[in-house]
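# Per-entry structural report
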Number of protein chains: 2
Amino acid sequence: MDIDLTATEENYLKAIYKANESSSSLASTNTIARYLSTSAASVTDMMKKLSQKNLVIYQKYHGVKLSQEGSRLATALVRKHRLWETFLVEKLGFSWEEVHDIAEQLEHVRSNELVDRLDQFLDYPKYDPHGDPIPSADGKFTLRERIALSNLSIGESSILVGVKHHDKVFLDYLNQNRINIGVTMNILSKSLYDHSIRVLIENETEILVTDETAKNLLVRKLSAD
Amino acid sequence: MDIDLTATEENYLKAIYKANESSSSLASTNTIARYLSTSAASVTDMMKKLSQKNLVIYQKYHGVKLSQEGSRLATALVRKHRLWETFLVEKLGFSWEEVHDIAEQLEHVRSNELVDRLDQFLDYPKYDPHGDPIPSADGKFTLRERIALSNLSIGESSILVGVKHHDKVFLDYLNQNRINIGVTMNILSKSLYDHSIRVLIENETEILVTDETAKNLLVRKLSAD
DNA sequence: AATTATTTTTAGATAAGCCTAAATTCTTAT
DNA sequence: ATAAGAATTTAGGCTTATCTAAAAATAATT
Ligand SMILES: [Mn+2]
Ligand SMILES: [Mn+2]
Ligand SMILES: [Mn+2]
Ligand SMILES: [Mn+2]
């Protein structure tokens, strides 16, 4: 049932997965190259190979998308990545900005038994430390509504359920301001000039975030009561 | 301080480590090739490379041993392997015959922080599920006396503290007979004809083991009381 | 519609890790 | 001491995953 892919092939599948996820049109060679920090020529080579294996549907010069089988494998990889990130934070006490690089390695360890036992050990988590959904063993996501903090109006309350980017600089900034998944965020005011927002965190500390930052914070609105 | 080696280079270091451990003389090309299921020619290639990096001391046609730095890296690898095996058994509920292959992959994940946190999470175990000593962060082993069951006399009691081989067939055989690390083993009688031994396990079940099997079971003698 | 710019593919190389077969060196037996 | 045998190294190739530079195709501009 399961084909054995190299870690490199898996990384390409994941790159295409991410690209397909965030744009609906076919993933371009350059997009994939940028994501993997490799050359366009290398991407073309790999697309031929993955196409040969029926893991992607590749149209020369026009882009690529995952086949059903490719999608299944990419989802399994995302599952492993997010389970390992959860393990690193929940069990080993890592902070959310430290786990991505380690999970990038752990996700390529081959053993279905291992993934399933890890899932059980973590008590079948639905979301990873960054708030991203963890696919179940049969590839199903538990989705939840997430809107950008920038879309809230003054006076509205919300809970942080996700972040758009996972880079260390951004997450460190959030740490410094005691912002992490689960905190409540109340919109106090918005600047008409630069759209920056004054936010009350956990009904305690007040901070000022730029419009750009607010776009990268994904929240669930709380019904006023 | 830490050089970045490929998984392949690490595996060669470990092979040399094992060979050096079990023979005192230099490791031969063929021994390493057999251990890694590769060709002698490939071993020679790699010895040149590792020698260049000062990780091994290699004498053409005469054999190879680890340098001090090579030894340090090999020990770190053994540490990772055995910590992961312990994790798989203690935390994920794997059986001791299932963990080796997975640990072979996990041991190559690069992150010192990860290893140290794993060690802490497991509460600094001294021995892995096969009874082998786990080196500490500074490379020290906690050794303990281990003699083969075949060397005991009739009437002597002992506790199983290790096994000489880790292959699935052998471990499965032990499982079937409820033999695992920590069980008590009493010598009931020995055959003069084929040296097979009647053993009482956990003061409960009685089994007959061949001389060959008894040589592969490492025990600690219990002082009679 | 034609030209220019951008993107993508192809061509040709390189490095790691592996192989088989041939040459070399070491070991053992006569 | 020499020849036969075994072990090891070298030579030459192969595959995967890279790269740069050149060629081809598509997209954008005038
Ligand atoms: Mn991640
Ligand atoms: Mn994540
Ligand atoms: Mn092992
Ligand atoms: Mn072990």
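Residue positions are given per chain, counted from 1 along the sequence in the order it is written. Lettering for chains starts from A, numbering for ligands starts from 1, and both go in the order in which the items are written. Totals for whole chains, interfaces and linings use all residues, but because this is a predicted model, local features are given only for residues with pLDDT of at least 70 and pairs of side-chain atoms are given and counted only at 80 or more. Derived side-chain values reflect all non-hydrogen atoms in the structure, with water molecules and hydrogen atoms excluded from consideration.

Here we take up the coordination of the manganese ion (ligand 1). Residue and element names in this part refer to chain A. Counted as coordinating are nitrogen, oxygen and sulfur atoms within 2.8 Å of the metal, or 3.2 Å for Na, K and Ca, while water is not included, which may make sites look incomplete. For the manganese ion (ligand 1), the full set of protein donor atoms is His81 (NE2), Glu85 (OE) and His100 (ND1), at a range of 2.0 to 2.2 Å. Between consecutive donor residues of the manganese ion (ligand 1), the sequence gaps follow H-x3-E-x14-H. Throughout, exposure labels follow a simple rule: accessible area from a 1.4 Å probe, protein chains only, divided by the maximum for the residue type, with under 20% read as buried, over 50% as exposed, and the rest as partly exposed. The class for Glu85 is buried, based on a relative accessible area of 2%. Look at His100 and you get partly exposed, because its relative accessible area is 31%.

The atoms used to superpose the copies are C-alpha atoms, taken from residues with pLDDT of at least 70 in both, and the fit is least squares. Superposition of chain A onto chain B requires a rotation of 180 degrees combined with a translation of 0.0 Å along the rotation axis, giving an RMSD of 0.1 Å. Both copies are brought into coincidence by an operation consistent with a two-fold rotation axis. Minimal C-alpha separation from the rotation axis in chain A is found for Leu106 of chain A, amounting to 3.6 Å. Taken together, the interface assignments show that 100% of the residues at the interface of chain A recur at the interface of chain B, consistent with an identical surface on both copies. Here, residues are in contact when the closest pair of their heavy atoms is within 4.5 Å.

We now examine the protein's contact with DNA strand D. The nearness test applies per residue and asks whether one of its heavy atoms lies within 4 Å of the molecule or strand. In the neighbourhood of DNA strand D, 22 residues make up the surrounding shell, with Thr6 and Lys49 of chain A together with Thr44, Tyr58 and Lys60 of chain B lying closest. Restricting the count to atoms of DNA strand D within 4 Å of the protein gives a sugar and phosphate share of 85%. A distance of 2.6 Å separates a phosphate oxygen of DNA strand D from a polar atom in the side chain of Thr6 of chain A. Ser42 of chain A is positioned such that a nitrogen or oxygen atom in its side chain is 2.7 Å from a phosphate oxygen of DNA strand D. Under the rule applied, a polar contact is a pair of N or O atoms within 3.5 Å (in protein, one hydrogen donor and one hydrogen acceptor; residues adjacent in sequence only if both atoms are side-chain atoms).

This part takes up the pattern of salt bridges. Each salt bridge in this description consists of a side-chain nitrogen of Lys or Arg and a carboxyl oxygen of Asp or Glu lying within 4 Å of one another. Per the counting criterion, the structure on display carries 28 salt bridges over all chains. Lys14 of chain A is the partner of Glu104 of chain A in a salt bridge, and the nearest nitrogen-oxygen pair spans 2.7 Å. With Glu104 of chain A in helix α5 (residues 99-106) and Lys14 of chain A in helix α1 (residues 7-21), this residue pair connects regions lying 90 residues apart in the sequence. Classification of Glu104 of chain A as partly exposed rests on a relative accessible area of 22%. Residue Lys14 of chain A is classed as buried on the basis of its relative accessible area, which comes to 4%. The partner of Asp116 of chain B in a salt bridge is Arg79 of chain B, and the shortest N-O contact between them spans 3.2 Å. With Asp116 of chain B in helix α6 (residues 112-121) and Arg79 of chain B in helix α4 (residues 68-90), this pair connects stretches of sequence that are 37 residues apart. What makes Asp116 of chain B partly exposed here is its relative accessible area of 40%. The network of salt bridges with common partners includes Glu9, Lys49 and Lys53 of chain A. Secondary structure elements follow DSSP: runs of H or I of four or more residues count as helices, runs of E of two or more count as strands, with numbering from the N terminus.

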